[in-house]
Every structure is written in C-alpha cells, then in structure tokens.
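Residue-level structure breakdown
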Amino acid sequence: MKKFAYSIVLAILLVAVLAFMAIVVLTLSKSAEPFPEGSESALRLARGPLNIASFDENFIDDSRVTAANGSYAGADTRALAATVWYPSENIAQPYPLIVYSHGFTSSRQNGAYLAEHLASNGFVVVAADYPLTNISAPGGPSLGDVANQPADVIFLIDTLLASSGDESHRLAGKIDEGRIGVMGVSLGGLTSTLVAYHPSLRDPRIGAAISIAGPTSLFKKSFFAEESMPFLMLAGDRDVIVPYEIHARPVLSTIPNAKLITLRKGSHTGFSGGTRYFRALANPDVLGCYAVTGNIEDGEEDEWAGLLGPASIGLDYGAASGLCENTDYPKTMNVLRQQMLSKVVVAAFFQSVFEQEENLRAAAVEYLQETAAKELEDLLFE
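These numbers come from a predicted model, not from an experiment.

Our focus in this paragraph is the packing of helix α3 (residues 112-120) against helix α9 (residues 335-354). Viewed as axis vectors pointing N to C, α3 and α9 meet at an angle of 45 degrees, and their least axial separation amounts to 10 Å. By the angle between their directions, the pair α3 and α9 is classed as oblique. α3 and α9 meet at a crossing whose hand is right-handed. In this structure, α3 uses Y113, L114, H117 and L118 to contact α9, whose residues at the interface are Q339, S342, K343, V346, A347 and F350. Taken together, the residues that form the contact of α3 with α9 break down as six nonpolar, three polar and one charged.

Another aspect to go through is unusual backbone geometry. A negative phi holds for most residues other than glycine; trans holds for most peptide bonds. Phi is positive for S186, which is not a glycine, with a value near 60 degrees. Looking at the element boundaries, S186 is found in the loop between β5 (175-185) and α5 (187-197).

Applying the stated rule across the entire model yields one disulfide. There is a disulfide in this structure between C289 and C324, and the S-S distance comes to 2.1 Å. Measuring handedness by torsion sign, the sulfur bridge of C289 and C324 sits at about -100 degrees and is left-handed. Remark: C324 occurs in the loop between α8 (285-294) and α9 and C289 occurs in helix α8; sequence separation between them is 35 residues.

This part covers the sheet that holds strand β6 (residues 206-212). Working definition: the strands of a sheet are paired by backbone hydrogen bonds and lie parallel or antiparallel to each other. Taken in spatial order, the nine strands make up an open sheet running β1-β2-β4-β3-β5-β6-β7-β8-β9, and their pairing is mixed. The strands lining the two open edges of the sheet, one partner per strand, are β1 (52-61) and β9 (379-381). The mean angle between the axes of side-by-side strands here comes to 20 degrees, regardless of whether they run parallel or antiparallel. Strand direction decides the pairing type here: strand β3 (residues 95-101) and strand β4 (residues 124-129), joined by five bridges, are parallel. The partner of V99 across the bridge, within β4, is V126.

Analysis parameters
Counting restarts for each chain, with residues numbered from 1 along the sequence as it is written. Since the coordinates come from a predicted model, pLDDT governs what is reported: local features require at least 70, and pairs of side-chain atoms require 80 or more to be given and counted, while whole-chain, interface and lining totals use all residues. Side-chain numbers come from the whole structure's heavy atoms, not from hydrogens or water. An axis is simply a line fitted to the C-alpha atoms; with a helix, the fit covers only the stretch in contact. Between two such axes, the angle follows the N-to-C directions and lies from 0 to 180 degrees. Secondary structure elements are taken from DSSP: a helix is a run of H or I of four residues or more, a strand is a run of E of two residues or more, and numbering for both begins at the N terminus. An angle below 35 degrees is treated as roughly parallel, one above 145 as roughly antiparallel, one from 65 to 115 as roughly perpendicular, and anything else as oblique. By convention the crossing between two helices is left-handed if the near helix lies anticlockwise of the far one by an angle smaller than a right angle, and right-handed if it lies clockwise. It only takes one pair of heavy atoms within 4.5 Å for two residues to be counted as in contact. Three categories are distinguished: nonpolar for Ala, Val, Leu, Ile, Met, Phe, Trp, Tyr, Cys and Pro, charged for Asp, Glu, Lys and Arg, and polar for the others, with Gly belonging to the last. The definition used for a disulfide is geometric: two cysteine sulfur atoms within 2.5 Å. Here, a strand pair is defined by DSSP locating no fewer than two bridges between the strands.

So, in structure tokens, the structure goes:
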C-alpha cells in the first residue's frame, strides 16, 4: 500500500517538476559542451550511416508467471512491453543483437538514445519494460523481481532470434545469433551482469556485457570464475545512488577481462535518457534517490539473502550498497554531455567486440583505450 500511494505522489510531483524544469531549461537553454570539432569523438557521436526503424510489441512469456505484488494479484504469464530498433536497409548481412535493461523505477524508453545510436551503426536493439521493476509496475515497483529478469532477457533473445528466422517478419535475416550482447543501467546493469555470469541464470550465447552504473558489491571474485567475456563498467564518479568507489572501481580486480570507463563528475541518474529534461539541476540524483528509496519497503533490502542463489556461488549478501548515503549531492556534469559520452563509449565497446572486420575492431579498441581520453577530458579509461 505504501508503494502504491507513494507512486501516486511521485507521479504528481514528477509532472509538476517536469513542467517547472521545462520552463527553466527553455529559459536557460543549457546545452552541452560539444566534442572538439573534427575529432574522432565528434565523428563517432554523429548518427551512424544506416537508416533505422522501430516497432513496439507486447511479448508474452507464457512459460512463467508474474508474482503477486502489493495490490496486484499477479498473472499466469510475464508480459514484456518492448521496443525494437533496427537498421531498415535491405542488406543481406545480419547484425549483432543487443538487449537493453532499464533501471529500477525506470522504463525502456530511457535507453532509446543509446538504442537509436547503436541501430544507426549496425545493431538490432531490444528493450522491454520489466513487469515489476518499471515505473508503472502494478502494485508499485518491486526491487526483488530483478531475480526474474535474467530469464526475461533470455526470452527476449529467443523471441528476436525466432523473428529473424521468420521470412515473413520485418526482422527476417537481420540478426546474427553468434553476436549477442547485453547492457543495462543501474538495476538493469545488475540484470546484465547476472544473465552474463550467473552459474545457473546466465545465457552462454552472450558474448559481451556492459553495466552502466550497475551494483556490483554483491559479487565476489569467485562469482565470475565460470565465464570470461569482454565486460565494461561505465560509471560516474559522483554517483550518489550506486556509489562509484563501492561498485565501479572494484570491477578491475573482481571481473576478468573487465574495463572501466569513468565519467568525471558523472551522476547516476544522468545515464537515463529522460533526465535531459532536468539538466538545470546541479545533480539529478536528487530526483533519482527520491524515486528509488521511496519505492523500497522498510526491510526489503534485508530480504535479499538467497534471492539470487546461495552465498557459495560467490555472493555477499551483507555487502554495503551505499544507496543514497551522500546527501551532499555534489555538482555533476550536464546530463546531455553525460549521454553524449555514453553513446560513443557504448557503441565503440560493442564495435570492439562484434565488428566483423579486424581493422574496425582494432580502431574501436584504440579509440576506447587511447583516443577518447585524449580528446575528452571528462572521460578516463582503465
């Protein structure tokens, strides 16, 4: 009941804040600093060479149920309202598939800016609203349903591959089943990590993973012992919701083959596409913390023990999360700038893994490891 009432209050507040901030933004015209003219970063930020199309579809997994949640009685299926972005050119060569996972109290559309950029550069991207963690979840967003989201990702992969194999489908022949990646923001980053590495929840078809400001303190080094793949953590060093020093920095010593890209003065909420409307805020994590903590029931975090499997697989259920503990909310970069940086990083990482031509893979690696940090002073590669 608390979640439902809180969601109504939050929705009213967000509408009011959105209207106010829209006026502020229009008045101040707070644009982001552009990338250096003629730089490789500016070229990579530009829309890719391919025209894109998209469609919405409600994918129904009738093999699994949706649990009861507050005032919601549950359902016999899991319904995933999804959007698919893809290159619209009639080219015989199939493209890599990327599954995007949204964060807690968020939605698939907050990843649209990344999906559109990837699709224009030769990727098929699917994003779905997860049944019980999205902002409009019946009964209010429920943090614990993340345990069911790795199977949702697998279901989306199965569904899209089947569509690609259907000659009558608009995706016919457009997906390469040997090139599949996952990425997600915040709780979606956790979802991506689970489906890539969890000993019983993972999908071995996944060949690369990106966690964007995703929680990792739960994982010990032994959790990653069974799988090794290209992994990228993209994080802001002024993240108040999933603090950088607790969750991002440790991946270099915990996850094999991991890379860390730090956005100096980057926030957590700034990775969400919708925060472009709140770019006049000194730190958008003020709103993010309000939304997240207001939808976590008292004691809900304490109920996680065993949720994702036994501790013996490398899970530390007692690890600190640092969630919204820094109430000083340090000033962060313009969210438009943060999303510009995110687009070039995400695309270059997946190109470094999935480009079929060796010279293009090598160029993407060089950009991530050397060029980006030279051209963009607010980005650090490790």
